[in-house]
Amino acid sequence: TRSEASPAGPVLYIESADLQADLQAIVSGGGETVDEPMDIPGVGTIAFFKDPAGNLMALGKFISA
């Protein structure tokens, strides 16, 4: 059973070189930031947003292997 806070479908992760600049562009284009960038040890930094249609997605600046 999923909660109301859980996404209804898959979440796309998009690689970003500049999370803040990309989030600003998303908001300027009608989207909204859901979670500000957060560091995940061993993975990198991610931020969640909704596009103008309400789809949940994520931007990530990932650590290279």
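These numbers were taken from a predicted model, which means no experiment stands behind them.

## Overview of the overall build of the chain
Logical step 1: Helix and strand counts for the chain come out as 1 helix and 4 strands.
Logical step 2: Put simply, the chain runs from its N terminus to its C terminus through helices and strands in the order β-α-β-β-β.
Logical step 3: Every one of the 65 residues in the chain was classed for burial, and the buried ones make up 25%.
Logical step 4: Approximately 4,500 Å² of the chain is accessible, and the part contributed by carbon and sulfur atoms is 54%.

## Thoughts on the pairing of strand 2 (residues 32–40)
Residues in a regular strand point their side chains to alternate faces of the sheet.
Logical step 1: Note: strand 2 against strand 3 (residues 44–50), 6 bridges, orientation antiparallel. Across the sheet, residue Asp35 finds its bridge partner in strand 3, namely Phe48.
Logical step 2: Joining the antiparallel neighbours strand 2 and strand 3 is a turn of 3 residues, in which Gly42 adopts a positive phi near 80°.

## Digging into the side chain of Ser16
Logical step 1: Its location among the elements puts Ser16 in the loop between strand 1 (12–15) and helix 1 (19–28).
Logical step 2: Accessibility expressed as a relative area gives 4% for Ser16, which makes it buried.
Logical step 3: For Ser16, the side chain forms a polar contact with the main-chain nitrogen of Leu19, separated by 3.4 Å.
Logical step 4: Beyond its immediate stretch of four places on either side in the chain, Ser16 contacts Asp22, Leu59, Gly60 and Lys61.

## What about the environment of Pro37?
Logical step 1: Tracing the chain through its elements places Pro37 in strand 2.
Logical step 2: According to the relative accessible area criterion, Pro37 is partly exposed, its value standing at 29%.
Logical step 3: When the C-alpha atoms of Pro37 and Ala58 are compared, they prove to be 9.7 Å apart, with 21 residues separating the residues in sequence.
Logical step 4: With residues near it in sequence (within four places) discarded, Pro37 still touches Leu19, Gln20, Leu23, Thr45, Ile46 and Ala47.

Cut-offs applied
Residues numbered from 1 in each chain as written. Predicted model: local features only at pLDDT ≥ 70, side-chain atom pairs only at ≥ 80, totals over all residues. Heavy atoms only, no water. Helix = DSSP H or I, 4+ residues; strand = E, 2+ residues; numbered from the N terminus. Buried < 20%, exposed > 50% of the residue type's maximum accessible area, 1.4 Å probe, protein only. Areas by Shrake-Rupley, 256 points an atom, 1.4 Å probe, with all protein chains shown as cover. Pairing = 2+ DSSP bridges. Polar contact = N/O pair within 3.5 Å; in protein donor to acceptor, adjacent residues only side chain to side chain. Contact = heavy atoms within 4.5 Å.

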